[in-house]
Structure formats: C-alpha cells, structure tokens
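So you can see what is in the structure, the chains are spelled out below.
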Amino acid sequence: MTIQQEAGREVGRPRKRKEDARLLTGRSRWTDNLSRPGMLHVMFLRSPMAHARITRVDVSGARGLPGVVAAFSGQDFAAEQGSLPCAWPVSEDIVIPDHPPMAVSEVRYVGEAVACVVATDRYRAADALEAIEVDYEPLPAVLDMKQALTADSPKVHEAGNKAFSVKINSGDIEAAFRDAPIIIDRTYRQQRLIPCAMEPRAVLADTDGDTFTVWSATQIPHILRVMLAVVTGIPEHQIRVIAPDVGGGFGSKLQVTAEEVLCLLMARKLGKPVKWAESRSEGNLTVHHGRDQIQHIRLAADADGRIRGLQVDLLADMGAYLMLVTPGIPMLGASMFNAIYKMDAYEFGCTGVFTTKMPTDAYRGAGRPEATFAIERVMDELAAELHMDPLEVRRRNWIKHEEFPYTTISGLTYDSGNYEAATDKATAMFGYDKLRAEQADRRDRGDPVQLGIGVSTYTEMCGLAPSRMLGEANYAAGGWEHGAVRMLPSGKVEVITGTSPHGQGHVTAWSQIVADALGVPFEDVTVLHGDTAIAHKGMDTYGSRSLVIGGIAVLKACEKVRDKARKLAAHVLECSPDDLEFEAGAFKVRGTESQKTMQELAWAAFTAHDLPDGVEARLDSDATFDPENYSFPHGTHLCAVEVDTETGMVKIRSYVAVDDVGKVVNPLIVEGQVHGGIAQGIGQALFEEAVYDAEGNLLTTTLADYLLPSAADLPPFSLDRTESPATSNPLGVKGVGEAGTIASTPAVVNAVVDALRPFGIHDIEMPCTPERVWRAVSEAQEGVRR
Amino acid sequence: MIPAQFDYVRPESLSEASQVLASDEDAKVLAGGQSLLPLLRLRLAYPSTLVDVGRLPELKGVHDRGDHVFIGAMATHDEVMRSDVVRAGCPLVAMAAAHVADPAIRHRGTFGGSLAHADPAGDLPAVVLALDGVFVARSAQGEREIPAAEFFVDYWESSLGPGEILAGVKIPKLGEGWGFQYEKFHRTAQAWAIVGVAAAVKRSNGAITEARIGLTNMGPTPLRARATETALQGMELGDQLRQACEEAAADTSPPADLHAQPDYRRHLARVLTHRAVRTAAGAP
Ligand SMILES: Cc1cc2nc3c(=O)[nH]c(=O)nc-3n(C[C@H](O)[C@H](O)[C@H](O)COP(=O)(O)OP(=O)(O)OC[C@H]3O[C@@H](n4cnc5c(N)ncnc54)[C@H](O)[C@@H]3O)c2cc1C
C-alpha cells in the first residue's frame, strides 16, 4: 500500500496505536473486570418459549437459598421499569409496542428476561435460577415475515404484525419499466446475523443514595444516560454513565438494553452495586441481531445496459419489539440501493414486520450492506443477461468523476469520488484478465474446481449525520459531535471527545490531528472519553461517524485554542496578533527570531501573571461540529473463489479492495478497519446465520453452531486506496468503519455465482454453505439429465 | 463459565482414582476438559466430583512397543501430532490429531479424552477404528483390553464400565507398503468434521491389497466403510476407484444438523473416501 504523507505532519503517518500495548498485555479494564465494595451479581432467567402468556412466576424458591440476596419477577419492576425506547419512528403509521425491560405478562422471544436472582456470587445466582418456577400458556410463534402479514396470522402484538410501511418515489417509475427491453426481477434474502463482539455485554450499577453510576460495555454512554433518565424517571443529572474499555460493538452495543435498565433499578432497590455479565450463549440469544430482510428488487434497463429504473420492496424483520433504531435500519438503506449509478426513476418500499424473535437493530453497515448487496447482485445479473462483462455494465452506469458533485435519484448529493480510478487500480492489482482466462480454461476442461470472479463497487452514506437531515428523517436526536482540548500547565494536551471508541483507535488518531493542529508532539496528547462526567457532551460512536464528525469537533476546538494562544503570544511578544505566524508549535513574529511556543504559552496562561485584558487564565476550548452533508466513501472490491463442485466447498483465492475513504489520518488504522470489515462481510457471504427452529428456538447459541471465520479461513487481502477528499469537512475525511463489510458480501457471492453460471445457476442463498452450493449444482445437473 | 457445584480430586495413583469413580456413579474423569467443561458450562452435565487424572504416570506419554505404539490417554493432541514415535509407527494418527480444533485446544485436549468421550464427530475415533487399535482400561479389578470395534457403543457412549479409566491405546504398526490419508471436511478451520474419512491403503505391485477406511460423523459411532474396503481389494489405481468408493456410505446413518443433512453427508462420504483412498494409495 502506498502511503502519502506530508513531511513533518502527523496526519497520514502509520502510527502504531497508543491503545495497544495496554490492551495486548491484559491491562485493559472491561466492565466485567470492575469490582465495587459489597458488589452483588445478577443472573437472569430467560424465556424458553418464543411466545407465551406468563401465568405465574414464583421466585420464592430462590429467595431462601445460600448467598441469595433478592429475586425478582417482572411484576416487581412493573411500576418503575418503563418501556425500552425506540428513537426512530420512521413513518406516520408506525406501531411502537410497549417494551418492558423484564416481561410481565407475555413473552415474545426466546431469551426474554422473566425473572432474576441477585446473589453474593455468580455461581449462587445461577444455581438459584433453577429454583424459580414460571408457568407459561403457550401462544403461537410468528416466524415467517410473509405469513405474519396474512390476515389469519397469529399476532405478536395486539395491533398486528405490521410495524410500519414506507414508500418513496423519485422519477417516473412506470415509464422506466414500460417497454423496457430488459427487466431483471430477483428476490434476495438477507439472513439474520449475530454481531458477536469479542467482549460480551456487561453492566455494573452503583449508587451512593443520591446519584447513580452505570458502567456498561456500550458504544453510547451519552445516549444511554439520557435514555436511562427517560425510561426510569431518575433525573439525568443524577446519572453518570461510564463506558470503560469496550471490546467491539459493530452496532450491537448501540442500544439501550433491558439489562442496563434493570441493573440500575436493582442498585436503587438494594442500595448496593449490582453487576451482570452475559455468557456467549446468552449474548447470541439476546444481543440484538442484524440484517434479516427479504429484498424484492426489479431493475429496468435498455439493451445497451443503461439502467432506466429501479424498484425495491423490502420486508424487514423487526423481531418482537422496536429497539433504539430498529425501524431506522432498513431506512438507512433507502437512499443507497441506487448506489453509484445514474438512473431515471427509483421506487423504494419497506414494510417492517414483527415476529417472535430477538429484535434486530444496527449491525456494521446497518442498512447499507443490505442495499449494496441487492444492487450489486442485480448488476451482475444484468451483465449476465446482456453477456457483458460485469465491470463494463457498471462503467456504463456509474457517475463519472467529472460529474461530482452529483445529486442522485434518491436525493443525496455525493460530494466527491472517482469510481474509474478505484476500479482501474483494483483490476490491475487483481490480474483481472488473467483470471478470466483461467476461468475460461477451467470451464472448457470441465474442471471439478471452477473459478469465479466477483465484482462489487459501493458507496455509503457515512458520518452520521447532519442534524437537519436526521430531523427530516424523524430521528429523535441530532448528529453533531463535541470535542474539547485543554493545554495543561506543562504544555501537554488533554483532549476530550464525545465519541466513544470501542476498539477503533480514537486515542491515536485524535492525537495525530491535535499534534498537527497545535504543533505539539504526538506523545504529548492524551484523549479522554466514554465517561459522561468527563466527556459531558457527545453523540457517541456508530455509522462511521467518529472521525468525520468527532475528529472535526476536536480540530475545531484546537483552532479555538490556537486563536487564544495567538492573543496571548501577541501580548507577551508585544506585537499585533496579525504579525504572528504559527509554525511547528510556535508563534513567531514575522521576520524576527522572537517566538513563543505553545508550551510556553500554556505555562503563561497557567501562571496568569501577565495576561492581556479579556484573556482568561486558560488555554482550552471546546467545539461542536455538525456537518452539512454526509460523507461518501466508495471503492471497488474484487474476489476470486474456487468452488469445488463435487463437495460444494467455496475457497477464497484472492481478494483485492481499493477503497476511497478520502484523506487518511492513519493508514494502519484504516487498513485494520478494512481487514476486519471484509472478514465480517465474508462471514455473511459464506458462514454466518442465526437459525431459529419451527418453534422459535434459536439453534445457533454457541460459536460451534454460529460459525465465524477466523484468520485461518481467510486469504490475505490486497489493499490500496484512491483519495478523493470529502468536501463536507476540513480534513477531507470520509470514514472507514463500515466500508469493508459493505463491499465484501456481494463481491464474494457474485464470485460464487459467477463460478456456477455455466450450470445455469444464478443465485445461491446466503450464507453460501457447501451444502447449499452442492444442492444447487446437483439440482442443476439433474435438470440437465432430465 | 458458571457450572453447578462439584467437588474436585486429583489422585496420585490409578487405584485411588478408580476407587473414587467406583464409589460414586456421578463422579467423572477430567482429562483436558475440552469436552467436559463446555458441558458443565452449559449445565448439560452435573457431575458430583471431577477426578483429575492428570497426575497418573500410567496415562502419560507415547511409547514404542515394538509391534505397536502405545499412546497414553493423557497425551495431548499436540504431543501426539509431533511425536516421532507416532509419525513413524502410525502416521495416520498424527495426521488426524493435527486436524483437531485449533492449537489452544490441541495443547489441552487429550488423546484418551477424545476417545473416551466417544463423540462420533471427533477425528480420532474413526482413525483408531480403522487401525484396529486396542483400548487398555484400568480399574480396581485390574486391566482389560477392548478392541476398537467394541469400544464405541453409541453417541457419547463407550464400553468403559463404572470405575474404569482409559489408560491408553495400543495402535498396531502396519509395516511396509501402506499409505495414509485423513480427509476432514469442515467449514471453518477450528470446526468439527461434517464428515471425515481416515484411509489406510496397502499396495503391492500396483494393486491395492488391503484398505481400511474409518468414517467420522456418519452415525452414532465411528464406522468402517466395509463394502468399499472389500471392493477396493485387488484394484489398480484408475477410474474404477471411484466406483468402489460409491459404496462408502452403505450402512451408515448420518445425523442431520445445522451444517448438513444426511443425504449430503452420504455424498461427502463417497467423495472424500475416493480422495482419501487415492492419496493414501499414492495416486498422482
Ligand atoms: C471449540 C472446540 C473444538 C473442537 N474441535 C474438535 C475437532 O475438530 N475434532 C476433535 O476430534 N475434537 C475436537 N474438540 C474436542 C477435543 O478434541 C477434546 O480434546 C476431546 O474431545 C476431549 O479430550 P479432553 O482431554 O479434553 O477430555 P475431557 O473433556 O476432560 O473429557 C471428555 C470425556 O471423556 C472422559 N474421559 C477423559 N479422559 C478419560 C480417561 N482417561 N478415562 C475415562 N474417561 C475419560 C471424561 O470423563 C469426559 O466424559 C474440540 C473441542 C472444542 C472445545
């Protein structure tokens, strides 16, 4: 990978992460490592039924057992537990059902909490759970979205199984499809996924009688604080939320969970610290799931491959309740199906459906991978229909680099990009023509191992989000971010960020930005985050927003500090502020040798012996940043797979990704994000699926059943970048957290299907397991024989 | 891990260990813990006492005993796959051990534990069955030898009696002319076999004179593909091998689970047997 870096600047340097020495040597502080004097442990009893009326809960058997301090049922919380929030009512017709943190009268998915035990240790709590009696009156499970929408379906909630429906139109869709020489009509299934962050969730709640502190493995300490106040009625100023080290989230910790609310309530009831930490199996059941859509997509094109119109109709599985942004997830894809392509008309429809399963919500990419998958699959189908190279059909439709800024059919304005450059680079690195030749050869020879080549381009709306646009989308909050910077007396710098890292490396990247902005050494910067008492304002981390919004807020705060320093320097150096130039961390009087470094000025501000009028004794400042527009990373991913047609096994042979994430602050971190993202996208393409049985039991409760790829299952990735700076922020950055996940899934599935096209196969449902591939091949071969 | 309460003992002698086991039918042997601890964690097992056999000298090491290799029950997978004695005397065992799970698990999990656990999805049972290993069980009553064909009874059930501890397994050395291959079909590197095939093939003057084929995860116990073994006798390498391997799934009753339905497992058994036999027979 080529690394561009301006001399003497930190931004652009492949700095090793400041965080890692501590994390790698086990000196991290996960929530589950924390201990408080007198701390109690809670374990939850969870529903074994997908849908049932609770007719009796008797916790008395647990109460007398050794070490047990308390046992509660939903009834015990009924008066105070409120309803878990949904912050995104996406439509007028939306139904937001009551969502009690602990079920009181009805359970609607396997794993929903129905009772709990608080004990002096976890073992005693787990033992005592077995002494709780619950009687259920079974109700029919609702598992299939299409059936759920039929008139005679059993209901998940009294109001019915439809959560909402949305329709969006742009251009004359009828005209686009009328007389279109080519119409591609496909249905794809986005299987349900389990986020599987490395660190399972954990919560610790404590109180001193007046105020409450909640430590949680969360991505969103600030949002959580507000929501805990809203849900429980505890005044916001009496709640402090701390996200200590958090080991991954991928959206799964962008949530206000039942366990967070209940631990807080138990700390209040008992006046003691209460901790809960989930097991992996408990997490598989009860961490919100991702994806789960049925996508009906229709594309009308001219005979030369030009797209006329696109029609998308989604069924999106909400699960049993609407959680923090559950209904918003498919809507984040609404403007993305048209992707990087130009077209005359676009229609998007989505129906949210309740089922008796764990609710879905944000999972890496959130709505955008789903959209990208469908359009990129269909572009390959269009190419196949036209006997055209899949890259060529994309070239004929994409927005050309000279056309930016470009307002798309779905109404977004893409500020910058160069799809030609990224694609050219990727095809060269991949050895596209050579692989096509090998593919032809294998086809000719009838080799049992066929080669498939998969293409995916993508763009994504990142940097969530302009507050104004969130308001238009009816989201309950804004999308700004806050940053603060203070020079300490000795000239070191403390930065506070409202974003809440959980593995991304903010401390390192923010240090680089600050080092450049203030001219201080990288090593002299520290970054504080994740504690509402320290970082008092913030919107947290998700949607590839941290750098694009939060990093810019920090930069703006630095600029304000520099302005203050300039005034102070002018006073000390006895010149006009305009005579000063800022260079390498010092203000110099133009044309002279006299100067003051930032460190000297920090000391001067601290001693305050000689401050000019109107200048306070502090060299610090803060800022919020609210972007005018989203940012739009893009890229081209190419994947070659070998498909063993005898066993159905798919092996990835090579993978090339050329991403354009705008300006890069730290290429190492960018590369790490892309690697992880591609791995997760490949996980969806080939390995992962949350499976429920016909009664609504989750079958994939362990990692032996829910297969995650590890390094041993993945090829080396060849990565490179192009750089089209974003115009919506001063650093020109676009965000990289989700890119890999978005592009890789369709690239891999397109490759699998490409390998099998000679068999007459034009789709394999995800994940493309060996068994699915083998069945498709066998059926195709039988069809030929018949 | 939050298991139910249990006691723990670590006897210094085999007789002491077998006494504890004989006196308490809810006591269980603890070897590497790689199968037992997950069961405890999920509260699928509630043993009263775990009898840690890690200190018993009789269970340790790998020994060359002339006509056979004795692999102690407490030899770890990692020890087995790296042992020169195993690689020389029964290379198929080393090959299969290298396929078990991942390095962390191979450093804890034991050869004996894998076999005593009698999971038909485990890689080693089919191998020991194909090689006609002899199980050596010890109890207060003394020592008992159990042929591999009688050791595996059902899913997770062996013929070890109450109070019996597996001391190790004798693997006969096969001598000249044999080739070996273990084909494991799984979706991720550390996953269990969907199907596995262990093949030992002897050739002389170009033709196969004897073949032994063990099947992993094709029924409640590991199985031998007897029909294919017979059909292969006297065969030269070539297209007819595939024909013989079409019988590989005969008399099997493979399970249905998230990773494969029975018909797919049968198909895999045929394809993998063909591949394993070809490789073991030295086909190019
Ligand atoms: C994630 C994971 C993946 C795995 N993947 C594979 C795989 O791909 N292939 C594979 O073959 N295995 C796999 N295993 C299992 C692994 O091989 C274990 O090592 C093996 O199953 C049990 O060996 P152990 O020493 O850990 O036995 P333990 O777990 O200690 O015991 C297992 C059972 O055997 C009994 N037992 C143990 N030793 C004796 C003895 N000497 N005498 C009498 N009874 C005894 C115990 O009482 C218990 O019932 C996997 C395990 C894990 C956790």
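In every chain, residue numbers begin from 1 and rise along the written sequence. In the order they appear in the text, chains get letters beginning with A and ligands get numbers beginning with 1. For a predicted model such as this one, the threshold for reporting local features is a pLDDT of at least 70, and the threshold for listing and counting side-chain atom pairs is 80 or more; totals across whole chains, interfaces and linings nevertheless cover every residue. Calculation of side-chain values draws on the structure's entire complement of heavy atoms; hydrogens and water are dropped beforehand.

(A) Spatial organisation of the pattern of salt bridges. All names here are of chain A. By definition, a salt bridge exists where a carboxyl oxygen of Asp or Glu is found within 4 Å of a side-chain nitrogen of Lys or Arg. For the structure shown, the criterion picks out 89 salt bridges over all chains. Across the pair Arg56 and Asp58 runs a salt bridge, and its minimum N-O distance is 3.6 Å. Think of it in three bands: residues with accessible area under 20% of the maximum for their type are buried, residues over 50% are exposed, and the middle band is partly exposed, with areas taken using a 1.4 Å probe on protein chains only. Arg56 sits in the partly exposed class, given a relative accessible area of 33%. The partly exposed category is assigned to Asp58, whose relative accessible area is 25%. Across the pair Glu199 and Lys253 runs a salt bridge whose closest N-O atoms are separated by 3.2 Å. Within this pair, whereas Glu199 is found in the loop between β8 (182-193) and β9 (202-207), its partner Lys253 is found in the loop between β11 (239-242) and α8 (258-270), the two being separated by 54 residues in sequence. One network of salt bridges, in which partners are shared, links Glu438, Asp441, Arg442, Arg445, Asp447, Glu642 and Arg653. Helix and strand definitions follow DSSP, with helices as H or I runs of at least four residues and strands as E runs of at least two, each counted in order from the N terminus.

(B) Looking closely at the side chain of Lys253(A). All names here are of chain A. A residue is classified by how much of its surface remains accessible, and Lys253, at 4% relative accessible area, is buried. Side-chain atoms alone can form a polar contact between residues adjacent in sequence; in general such a contact is a pair of N or O atoms within 3.5 Å, and within protein one must be able to donate a hydrogen while the other accepts it. Engagement of the side chain of Lys253 in a polar contact is seen with the backbone oxygen of Glu199, the distance being 2.7 Å. In terms of polar contacts, Lys253 uses its side chain to reach the backbone carbonyl oxygen of Gly248, at 2.7 Å. The contact rule is simple, with two residues in contact once any of their heavy atoms fall within 4.5 Å. When near neighbours in sequence (up to four residues on either side) are disregarded, Lys253 contacts Ala197, Glu199, Pro200, Arg201, Ala217, Thr218, Gln219, Ile220, Val246, Gly247 and Gly248.

(C) Region of the structure containing the packing of helix α16 (residues 506-518) of chain A against helix α17 (residues 546-573) of chain A. All names here are of chain A. Axis definition: a line fitted to C-alpha atoms, over the contacting stretch in the case of helices. Angles run 0 to 180 degrees between N-to-C directions. Look at α16 against α17: their axes get within 10 Å of each other, and the N-to-C directions meet at 30°. Here α16 and α17 pass one another in a crossing that is right-handed. Contacts between α16 and α17 involve His506, Trp510, Ile513, Val514, Ala517 and Leu518 on the former and, on the latter, Ser546, Leu547, Gly550, Gly551, Val554, Leu555, Cys558, Val561 and Arg562. Take the far helix as the reference: if the near one is turned anticlockwise from it by less than a right angle, the crossing is left-handed, and if turned clockwise, right-handed.

(D) A look at the site of the ligand. Residues and elements named next belong to chain B. With respect to spatial proximity, 29 residues lie near the ligand, and among them Val29, Gln34, Ser35, Thr110 and Asp123 are the closest. Within the contact set of the ligand, an oxygen atom lies 3.3 Å away from a side-chain nitrogen or oxygen of Lys28. The separation between an oxygen atom of the ligand and a polar main-chain atom of Ala191 is 3.5 Å. For the area figures, the Shrake-Rupley method with a 1.4 Å probe applies, and any residue is considered shielded solely by the protein chains shown. Its free accessible area being 960 Å², the ligand has 91% of it covered by the protein chains. Those elements that provide at least two residues to the shell around the ligand are β2 (28-30), α7 (111-117) and β10 (165-172). Here the shell around the ligand takes four residues from α7, the largest share from any one element. Residues are sorted three ways: Asp, Glu, Lys and Arg are charged, Ala, Val, Leu, Ile, Met, Phe, Trp, Tyr, Cys and Pro are nonpolar, and all the rest, Gly among them, are polar. Its residues assigned to classes, the shell around the ligand shows 14 nonpolar, twelve polar and three charged. Note on terminology: near, applied to a residue and a molecule or strand, indicates that one of the residue's heavy atoms is within 4 Å of it.

(E) Up close: the sheet that holds strand β4 (residues 106-107) of chain A. All names here are of chain A. In space, the three strands of this open sheet follow the order β4-β2-β6, with antiparallel pairing throughout. Taken across any chain shown, the strands that pair with only one partner, and hence form the sheet edges, are β4 and β6 (133-138). Alignment of strand β2 (residues 52-58) against β6, held across six bridges, turns out to be antiparallel. Of the residues in β6, the one forming a bridge with Ile54 is Tyr136. Any two strands with at least two DSSP bridges between them are considered paired.

(F) Fine view of the domain arrangement of chain B. Residue and element names in this part refer to chain B. Domain ranges listed in this record stem from an automatic or a database domain assignment. Domain annotation for chain B reports domain 1 (7-51), domain 2 (62-172) and domain 3 (178-280). Across the domain 2/domain 3 interface, buried area totals approximately 2,100 Å², and carbon plus sulfur atoms make up 63% of it. Across the domain 2-domain 3 interface, the total number found is three salt bridges. Residue Asp132 is joined to Arg212 by a salt bridge in which the shortest nitrogen-to-oxygen separation is 3.6 Å. Contributing elements (two or more residues each) for the side of domain 2 that touches domain 3: α5 (91-97), α8 (123-130) and β8 (152-154). Broken down by element, the side of domain 2 that touches domain 3 gets its largest block of residues, six residues, from α8. Its residues assigned to classes, the side of domain 2 that touches domain 3 shows 18 nonpolar, two polar and five charged. Accessible-area loss on putting two parts together, using a 1.4 Å probe and summing over both, is the definition of buried area adopted here.

(G) Quick look at the sheet that holds strand β1 (residues 7-9) of chain B. Residue and element names in this part refer to chain B. Reading across the sheet, the three strands line up as β1-β3-β2 and stay open at both edges, with parallel pairing between neighbours. A strand with exactly one partner marks an edge of an open sheet, and here the two such strands are β1 and β2. Each strand axis lies, on average, 30° off the axis of its neighbour in the sheet, ignoring direction. With three bridges connecting them, β1 and strand β3 (residues 49-52) associate as parallel partners. What sits directly across from Tyr8, in β3, is Leu50. Packing of helix α1 (residues 14-23) onto the sheet brings it into contact with β1, β2 and β3, and relative to β3 it is tilted by some 160°.

(H) Structural view of the pairing of β10(B). Residue and element names in this part refer to chain B. Among the eight residues of β10, six are classified as buried, and the element is accordingly described as predominantly covered. Sheet analysis places strand β5 (residues 68-72) next to β10, joined by five bridges and oriented antiparallel. Counterpart to Val69 in the pairing with β10 is Ile171.

(I) Geometry of the domain arrangement of chain A. Residue and element names in this part refer to chain A. Annotation of chain A at the domain level lists domain 1 (20-26 + 480-625), domain 2 (34-139 + 198-248 + 253-286) and domain 3 (365-463 + 630-775). Spacing between the C-alpha centres of domain 1 and domain 3 amounts to 39 Å. Between domain 1 and domain 3, the residue contacts involve 16 residues of the former and 19 residues of the latter. Summing the contributions of domain 1 and of domain 3, the shared interface buries around 1,200 Å²; its carbon and sulfur component is 70%. Taken as a group, Ser544, Leu547 and Val548 account for 37% of the area that domain 1 buries against domain 3, more than any other trio of residues on that side. The interface formed by domain 1 and domain 3 holds zero salt bridges in total. Put simply, domain 1 and domain 3 have six residue pairs in polar contact (both at pLDDT 80 or more) between them. Mapped by element, the contributors of at least two residues to the side of domain 1 that touches domain 3 are α16 and α17. It is α17 that provides the largest number of residues to the side of domain 1 that touches domain 3, a total of six residues. Residue composition of the side of domain 1 that touches domain 3, grouped by class: eight nonpolar, six polar and two charged.

(J) Representation of the interface of chain A and chain B within the structure. On the side of chain B, 25 residues touch chain A, which itself brings 31 residues to the contact. Where chain A touches chain B, the interface holds six salt bridges. The closest approach of N and O atoms between Asp263(B) and Arg775(A), which form a salt bridge, is 2.7 Å. Taken together, the links from chain A to chain B amount to 16 residue pairs in polar contact (both at pLDDT 80 or more). Going through the elements one at a time, α4 (122-129), α19 (667-687) and α21 (770-785) of chain A are the ones with two or more residues in the side of chain A that touches chain B. Here the residues of the side of chain A that touches chain B sort into 16 nonpolar, six polar and nine charged.

(K) Region of interest: the packing of helix α11 (residues 368-386) of chain A against helix α20 (residues 739-756) of chain A. Residue and element names in this part refer to chain A. With their axes 8 Å apart at the nearest point, α11 and α20 run at an angle of 30° to one another. Taken together, the axes of α11 and α20 are roughly parallel relative to one another. The two elements α11 and α20 meet at a crossing, and its hand is right-handed. Between α11 and α20, the residues in contact are Arg368, Pro369, Thr372, Phe373, Glu376, Arg377, Asp380 and Glu381 and Thr741, Ile742, Thr745, Pro746, Val749, Asn750 and Val753, respectively. Within the contact of α11 with α20, the residues separate by chemical class into six nonpolar, four polar and five charged. Oblique is the label for every angle not falling under 35 degrees (roughly parallel), over 145 degrees (roughly antiparallel), or within 65 to 115 degrees (roughly perpendicular).

(L) Region of the structure containing the nonpolar core. Throughout, nonpolar core names a set of buried Ala, Val, Leu, Ile, Met, Phe, Trp, Tyr and Cys residues whose side chains join them through atoms within 4.5 Å. If you look at the biggest cluster of nonpolar residues, it comprises 166 residues, and the most contacted ones within it are Met266(A), Leu299(A), Phe337(A) and Leu686(A). If one sorts the elements of this core by residue count, α11(A) sits on top with nine residues. Apart from the residues within four sequence positions on either side, Phe337(A) is in contact with Gln295(A), Ile297(A), Leu310(A), Val312(A), Leu314(A), Tyr346(A), Phe348(A), Glu370(A), Ala371(A), Ala374(A) and Ile375(A). Within the second largest apolar cluster, 50 residues are counted, among which are Val80(B), Leu129(B), Phe151(B) and Phe152(B).

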